[in-house]
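Overview (structure and organization)
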Amino acid sequence: MKTTLSMKLLHTLQRGKDRLGKESFRRISRFVDSQRTDEDSFRDKSGKADLYYTLFGWILSYVLGIGPDRKKMAAYLAQQDADSPDLIRYAAYIRCRMIELLMNKRKAGLLMHSLFSTKIKALHDFSGLPHDDPQSPYTQFIRLSLLEDTGNRYRNSRWAGVVSKFKTGGSPSVRDSKTDDGTVNKKDILESLERYRVKGGGFGNMRNATAATTNATVAALAVKGQLAGYTENEDVRYLRDLQEPSGGFGAVKDSPVPDLLSTATALFMLSCYGIRPKYAAGDFIEAHWLDSGGFSATLLEEESDVEYTFYGILSLGAI
């Protein structure tokens with residue numbers, strides 16, 4: 001059975017954890033634990049409990065073996081909107097449920113969709129989509145990983161979704177890529193991604209973009225890899241060439257400040273394709289590790305949170 005994107009991420013995080021020395025492990029674990037609320041959710045940058053940050057905190061807790069109280073986890077999830085109209089928060093909720101089940105099973109190698117099955121909402125049912133576009137690479141990445149995690153299938157048939165018009169465009173486009181029988185149309189997803197491809201390599205999250213972004217390129221390569229296989233191609237080489245001599249990646253080519261999120265996701269995707277980065281990234285990653293035990297977003301920031309600590313460990317596992 002094909003390994004899902006979520007399991008690839010978990011395996012990479014596990015490798016990152018295994019590379020930590022005892023003192024590093026202790027400091028990072030202590031930081032993660034410090035971000036936990038009394039309800040065993042996790043705090044955002046302002047210190048408030050937040051579902052999105054709770055997902056990162058629970059994943060780190062699972063990987064580091066410092067799991068929250070499972071009764072409190074269940075109680076926290078019961079308070080959340082299980083049918084959020086925002087795709088990002090909806091995805092966070094679904095994945096928090098899966099992590100809760102993984103915590104109960106304590107089997108790191110268990111495929112997520114063998115734990116959990118639910119009907120995932122169609123993209124046109126959301127009022128909040130990244131870039132207001134159901135076909136952008138980032139939206140497709142989130143959608144595909146959710147479908148994988150809940151045991152949906154792929155097939156190579158034509159789109160069966162409803163045709164509509166974009167709010168900002170006017171050109172007809174398919175609203176969804178999922179058919180009534182729960183399958184995903186691989187061929188048409190792959191074809192739709194080509195509309196976001198930028199001349200010279202890479203992808204943007206907007207149609208007719210003149211410059212690629214790291215985020216969109218990673219998202220598109222993840223979808224293409226899962227659906228068509230992780231075969232070296234021009235866009236993977238473009239992603240590799242975005243790396244700066246410091247070892248980091250920026251959000252766009254020649255970004256003045258490389259960041260840990262872009263670095264983590266780019267290194268992770270290169271590892272999925274079996275491509276070595278141009279430069280060693282260990283020093284760049286370590287430079288973002290703060291005295292608090294967490295990781296910062298950039299070298300210009302002096303605070304950390306569970307999201308960027310997730311990216312720090314993911315980076316370590318991907319190099």
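To start, this report covers the structure provided alongside it.

Criteria and thresholds
Residues numbered from 1 in each chain as written. Predicted model: local features only at pLDDT ≥ 70, side-chain atom pairs only at ≥ 80, totals over all residues. Heavy atoms only, no water. Helix = DSSP H or I, 4+ residues; strand = E, 2+ residues; numbered from the N terminus. Buried < 20%, exposed > 50% of the residue type's maximum accessible area, 1.4 Å probe, protein only. Contact = heavy atoms within 4.5 Å. Areas by Shrake-Rupley, 256 points an atom, 1.4 Å probe, with all protein chains shown as cover. Arc of directions from axis to C-beta. Polar contact = N/O pair within 3.5 Å; in protein donor to acceptor, adjacent residues only side chain to side chain. Salt bridge = Lys/Arg side-chain N within 4 Å of Asp/Glu carboxyl O. Axes fitted to C-alpha atoms, helices over the stretch in contact; angles between N-to-C directions. Parallel < 35°, antiparallel > 145°, perpendicular 65-115°, else oblique. Left-handed = near helix turned anticlockwise from the far one by under 90°. Phe/Tyr/Trp six-rings, centres within 6.5 Å; stacked < 30°, edge-to-face > 60°. Nonpolar A, V, L, I, M, F, W, Y, C, P; charged D, E, K, R; others polar.

The next point concerns the overall build of the protein. Each helix and strand in the protein was counted, giving 12 helices and four strands. For the protein, buried positions account for 56% of its 319 residues. Relative to all contacts within the protein whose residues are 6 or more apart in sequence, the contacts with residues 24 or more apart total 67%. Total accessible area on the protein stands at roughly 14300 Å², and carbon and sulfur atoms take up 49% of it.

Given 3.6 residues per helical turn, the α-helix brings residues three or four places apart onto the same face. Those residues of helix α4 (residues 70-78) that sit buried are M73, Y76 and L77. The buried residues of α4 occupy an angular sector of 95° when the element is viewed end-on, so they sit on one face. When the buried face of α4 is taken as reference, the exposed residues oriented beyond 90 degrees from it are K71 and A78. Capping the start of α4, D69 holds a side-chain oxygen 2.9 Å from the backbone nitrogen of K71, two or three residues further along.

Before going further, it helps to spend a moment on the pattern of salt bridges. For the structure on display, the rule yields 14 salt bridges. Ionic pairing is found between E232 and R237, a salt bridge with its closest N-O pair at 3.4 Å. Here R237 falls in the partly exposed class, since its relative accessible area comes to 41%. What emerges from the salt-bridge pattern is a single network uniting E194, R197, K224, E234 and D235.

Where helix α3 (residues 51-64) meets α4, the closest approach of the two axes is 12 Å, and the angle between their N-to-C directions is 155°. One way to sum up the angle between α3 and α4 is to call them roughly antiparallel. Considering the relative orientation of α3 and α4, their crossing is left-handed. Between α3 and α4, the residues in contact are L51, T54 and W58 and M73, Y76 and L77, respectively.

Looking at the secondary structure, you find S41 in the loop between α2 (22-34) and α3. The class of S41 is buried, set by a relative accessible area of 1%. Contact partners of S41, with chain neighbours within four places excluded, come to Q35, R36, A49, T54, W58 and Y76.

To continue, consider the packing of aromatic side chains. Enumeration over the complete set of coordinates arrives at 11 aromatic pairs. Residues Y52 and Y53 carry aromatic rings whose centres are separated by 5.6 Å and whose planes lie at 85° to one another, so their mutual orientation is edge-to-face. Judged by its relative accessible area of 26%, Y52 falls in the partly exposed class. When the centroid spacing of 5.1 Å and the interplanar angle of 80° are considered together, the rings of Y52 and F56 count as edge-to-face. Placement of the pair is Y52 and F56 together in helix α3, with a separation of four residues, close to one helical turn. On the basis of relative accessible area, F56 is assigned to the buried category, the value being 8%.

Here we take up the packing of helix α1 (residues 5-18) against helix α12 (residues 306-318). Contact geometry for α1 and α12: axes closest at 7 Å, N-to-C directions at 85°. Accordingly, the angle class assigned to the pair α1 and α12 is roughly perpendicular. Taking contact as the criterion, the partners of L9, T12, L13, R15, G16 and K17 in α1 are, on α12, F310, I313, L314, L316, G317 and A318. Split by residue class, the contact of α1 with α12 holds seven nonpolar, three polar and two charged.

Structurally, the position occupied by A82 is in the loop between α4 and α5 (87-105). A82 gets classed as partly exposed once you look at its relative accessible area, which sits at 39%. In the structure, A82 is positioned 10 residues away from A92 in sequence and 9.9 Å away in space, judged by C-alpha atoms. Beyond its immediate chain neighbours, meaning those up to four positions away, A82 contacts Y90 and Y93.

Moving on, we come to unusual backbone geometry. Negative phi is the rule for most residues except glycine; trans is the rule for most peptide bonds. With a phi angle near 65°, N208 is a residue other than glycine that sits in the positive phi range. Positionally, N208 belongs in the loop between α7 (186-193) and α8 (214-228). Positioned with a positive phi, D254 is a non-glycine residue whose angle comes to about 60°. By relative accessible area, which is 66% here, D254 ends up exposed.

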